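Architecture and fold: a report
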Amino acid sequence: MEKKILFSDLDGTLLNDQKEIESGTKEAIDEMLKQGHLFAICTGRPLASARAVAQQFGLERKGCYIAAYNGGVLYDPSQDHVISYASVPLEAVRRMFLETERAGLYMHTYDRKDDTVLTLRATSETDAYTGHTRLPLRTALDMPQQLTQAPAKMIVASLDSHERLVNFQKENAAWTEGVLNSFFSCEQFLEYCPAGISKGAAVEGLCKYLGLSVEASVSAGDERNDIAMLKAAGIGAAPRNAHAAAKEAADYLCERDHNEGAVGELIRRFFLEAGV
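Nothing here was measured: the structure is a model prediction, and the numbers come from that model. (Residues numbered from 1 in each chain as written. Predicted model: local features only at pLDDT ≥ 70, side-chain atom pairs only at ≥ 80, totals over all residues. Heavy atoms only, no water.)

1. Side note on the overall build of the protein
From N to C terminus, the protein includes 11 helices and 14 strands. In terms of overall size, the protein behaves like a compact globule, its C-alpha atoms giving a radius of gyration of 18 Å where 276 residues would be expected to give roughly 19 Å. A principal-axis box enclosing the C-alpha atoms of the protein has dimensions of 55 × 35 × 35 Å. Per-residue burial over the protein gives 58% buried out of 276 residues. Partitioning the contacts of the protein with sequence separation of at least 6, the portion at a separation of at least 24 is 58%. Put simply, the protein shows about 11600 Å² of open surface, and 46% of that area lies on carbon and sulfur atoms. Of the side chains in the protein, 29 bear a positive and 39 a negative charge, and the two mean positions are spaced by 3 Å. (Helix = DSSP H or I, 4+ residues; strand = E, 2+ residues; numbered from the N terminus. Rg over C-alpha atoms; globule rule 2.2 N^0.38 Å. Buried < 20%, exposed > 50% of the residue type's maximum accessible area, 1.4 Å probe, protein only. Contact = heavy atoms within 4.5 Å. Areas by Shrake-Rupley, 256 points an atom, 1.4 Å probe, with all protein chains shown as cover. Lys, Arg positive; Asp, Glu negative; His and termini not counted. Charge placed at Lys NZ, Arg CZ, Asp CG, Glu CD.)

2. Thoughts on the sheet that holds strand S13 (residues 235-238)
The eight strands lie next to each other as S5-S4-S3-S2-S1-S12-S13-S14, forming an open sheet whose pairing is mixed. The open sheet has two edge strands, strand S5 (81-85) and strand S14 (252-253), and neither has a second partner. Sheet topology places strand S1 (residues 5-8) next to strand S2 (residues 38-42); four bridges connect them, and they run parallel. Across the sheet, Leu 6 pairs through a bridge with Phe 39, a residue of S2. Across the sheet, helix H11 (residues 262-270) touches S1, strand S12 (217-220), S13 and S14, and the angle it forms with S12 is around 160 degrees. (Pairing = 2+ DSSP bridges. Axes fitted to C-alpha atoms, helices over the stretch in contact; angles between N-to-C directions.)

Read these as geometric descriptors, not functional statements.
Here it is in structure tokens:
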């Protein structure tokens with residue numbers, strides 16, 4: 001049997017609207033691990049938030065891995081080992097705070113030690129994000145000056161205008177080129193990671209670390225920040241609820257959505273020997 005690895009996004013893919021894993025999918029994950037395959041959470045969430053999900057659903061055991069921060073951090077939970085950590089240069093973080101203030105947009109970054117959300121002031125965007133990730137928050141108007149360690153990523157957010165984020169991305173393209181990689185994880189969140197970092201890079205990096213060929217990987221994701229992962233993996237799959245751009249990038253379109261167990265469908269189709 002060829003050992004394979006599944007890279008799965010969390011929100012909108014592995015997790016349903018209640019932020020749980022559909023029972024049939026959980027059974028399929030348990031069976032694929034039993035058969036010797038590997039499973040990796042591949043998420044835009046910070047490592048602390050991804051670890052909480054892994055712990056909740058028993059995905060910290062041997063054979064399970066985490067790619068957090070859109071691939072910026074690779075982590076082996078069974079060994080409590082950070083495999084790699086890519087960071088945004090501090091000067092880029094400080095400039096992004098300045099540019100978002102000028103544009104009247106919200107921005108946050110993270111404390112490298114514990115993934116605390118760091119921002120200038122709390123807003124409705126802060127509430128939406130911390131309520132979703134359940135991460136602690138610290139605010140300070142001099143936050144850019146307080147930063148001493150380079151973080152893994154930044155998020156620029158607007159709950160009421162996707163167009164403002166699109167315009168911001170375009171207006172800041174010149175100085176971010178070669179320094180930052182940007183993409184949308186949803187209509188409200190524009191994410192900035194270090195140049196060269198993406199979920200696709202996570203597929204390649206973790207496969208190399210594990211001694212697997214990229215062709216032995218399968219990925220599942222529903223949003224635009226998943227596109228690089230869908231293209232990089234041997235097989236890229238999108239749940240029925242996926243954004244049109246993710247579906248276009250996928251090799252396989254699931255019949256089920258994230259509430260119905262799309263990842264379980266994928267595992268039964270490409271991993272389990274019984275294929276049922």
